[in-house]
Amino acid sequence: MKSFLRLLLKWVIIPIVSICLLITLSLYYFKDRLCGLALSEVNTYLKVPIQVSEMDLAFWGSFPNLSVDFEGLYMQESFQNAKKTDTLFYTDRLRLSFNPLDVYHGKYHVKKMSVNPGKLVIRYDAGGKENFDIFKPSPSDTKTDFNLTLKEVKIDGLRFIYDNVSSKQYLSSTLASTRIK
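Residues numbered from 1 in each chain as written. Predicted model: local features only at pLDDT ≥ 70, side-chain atom pairs only at ≥ 80, totals over all residues. Heavy atoms only, no water.

Novice: Looking at this model, I keep getting lost on the nonpolar core. Mind explaining?
Specialist: Side chains of nonpolar character tend, in soluble globular proteins, to be buried together. By size, the foremost hydrophobic cluster in this structure holds 27 residues, and its most contacted members are Leu57, Val68, Phe70, Met75 and Phe89. Where this core is concerned, the elements lending two or more residues are α1 (2-44), β1 (54-58), β2 (66-76), β3 (87-98), β4 (108-124) and β5 (146-164). Beyond its immediate sequence surroundings of up to four residues, phenylalanine 70 is in contact with Ala38, Leu39, Val52, Glu54, Met55, Asp92, Arg93, Leu94 and Leu96. (Core = buried A, V, L, I, M, F, W, Y, C linked by side-chain atoms within 4.5 Å. Buried < 20%, exposed > 50% of the residue type's maximum accessible area, 1.4 Å probe, protein only. Helix = DSSP H or I, 4+ residues; strand = E, 2+ residues; numbered from the N terminus. Contact = heavy atoms within 4.5 Å.)

See below:
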């Protein structure tokens, strides 16, 4: 019995603990680089850059996926005369989940996006112009390793506001728990 336990410890438990420790240390080491890459890559496509109070890299909390968590994410609306307080989107936490093997190979395919409490304001001005024209026009020859191919979007506690000044419509709702597949 002792030889079996010794064999189990030597060939199973120690390698598993070593692999877990190696993954944890490498995530800690590459955390700032991967988080910075994710933020800069997202902002290259946007007219109005997102602002984030904190970013984190998670693996064990989102196992088997690798996740980038944006804490306190804020995006201003895209109107020319928009003030800093004119919110298009805000969330306490936005989590983008990736396959760790894809990230290792330099391909950043977003599998899942989770939004926990937040606010989305869709607004049209008197001329019918929308506040969510946030993407830069992209040339057709642009090639990137970042790919938004969502398999799932999970929303918990998102306050949604639709305000159309030109048609005098105003709607407000809260999405308590929504999953889009």
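Novice: I would appreciate a short explanation of a nonpolar patch on the surface in the present structure.
Specialist: A cluster of nonpolar side chains, contributed by Leu7, Trp11, Val12, Ile13, Ile16 and Val17, occupies part of the molecular surface with about 590 Å² of accessible area. Within the secondary structure, isoleucine 16 sits in helix α1. Here isoleucine 16 falls in the partly exposed class, since its relative accessible area comes to 49%. (Patch = residues over 30% accessible without salt bridge, like charges linked within 9 Å, V, L, I, M, F, W, Y side chains within 5 Å. Areas by Shrake-Rupley, 256 points an atom, 1.4 Å probe, with all protein chains shown as cover. Salt bridge = Lys/Arg side-chain N within 4 Å of Asp/Glu carboxyl O.)

Novice: I tried to follow the environment of valine 52 on my own but got confused; where do I start?
Specialist: With respect to the helices, strands and loops of the structure, valine 52 is situated in the loop between α1 and β1. The exposure class assigned to valine 52 is partly exposed, which follows from its relative accessible area of 23%. Setting aside anything within four residues of it in sequence, one finds valine 52 in contact with Leu39, Phe70, Glu71, Gly72 and Leu73.

Novice: Sorry, what's going on with the layout of surface pockets here?
Specialist: Gaps between atoms show up when a probe of the same size as a water molecule is rolled over them. Reported here for the largest pocket is a volume of approximately 740 Å³. As for the largest pocket, its lining consists of 26 residues, of which Met75, Phe89, Met113, Ile134 and Phe135 are closest to the centre. Where the lining of the largest pocket is concerned, the elements lending two or more residues are α1, β2, β3, β4 and β5. When residues in the lining of the largest pocket are grouped by element, the largest group, six residues, is from β5. As for the second largest pocket, its lining consists of 19 residues, and the residues nearest its centre are Phe30, Leu34, Pro100, Val103 and Tyr104. When residues of the lining of the second largest pocket are traced back to their parent elements, those giving at least two are α1 and α2 (100-104). Residue composition of the lining of the second largest pocket, grouped by class: 14 nonpolar, four polar and one charged. (1 Å grid on protein atoms, 1.4 Å probe; cavity = no way out; pocket = protein on both sides within 12 Å on 5 of 7 lines; lining within 4 Å. Points joined across faces, edges and corners; volume = space filled by probe spheres on them. Nonpolar A, V, L, I, M, F, W, Y, C, P; charged D, E, K, R; others polar.)

Novice: Please explain the pattern of salt bridges as it appears in this structure.
Specialist: For side chains of opposite charge, pairing can occur when their charged atoms come near one another. Inspection of every chain in the model, using the stated rule, returns six salt bridges. The salt bridge involving aspartate 69 is made with arginine 95; its shortest N-O contact spans 2.6 Å. Pair noted here: aspartate 69 is in strand β2 and arginine 95 is in strand β3, with a separation of 26 residues, a long-range link. Note on arginine 95: relative accessible area 14%, which makes it buried. In this structure, the salt-bridge partner of arginine 179 is glutamate 152, at a minimum N-O distance of 3.0 Å. Highlighted residues: arginine 179 in strand β6 (residues 169-180) and glutamate 152 in strand β5, separated in sequence by 27 residues. Owing to a relative accessible area of 48%, arginine 179 belongs among the partly exposed residues under this scheme. One salt-bridge network, in which partners are shared between bridges, spans Glu77, Arg123 and Asp163.

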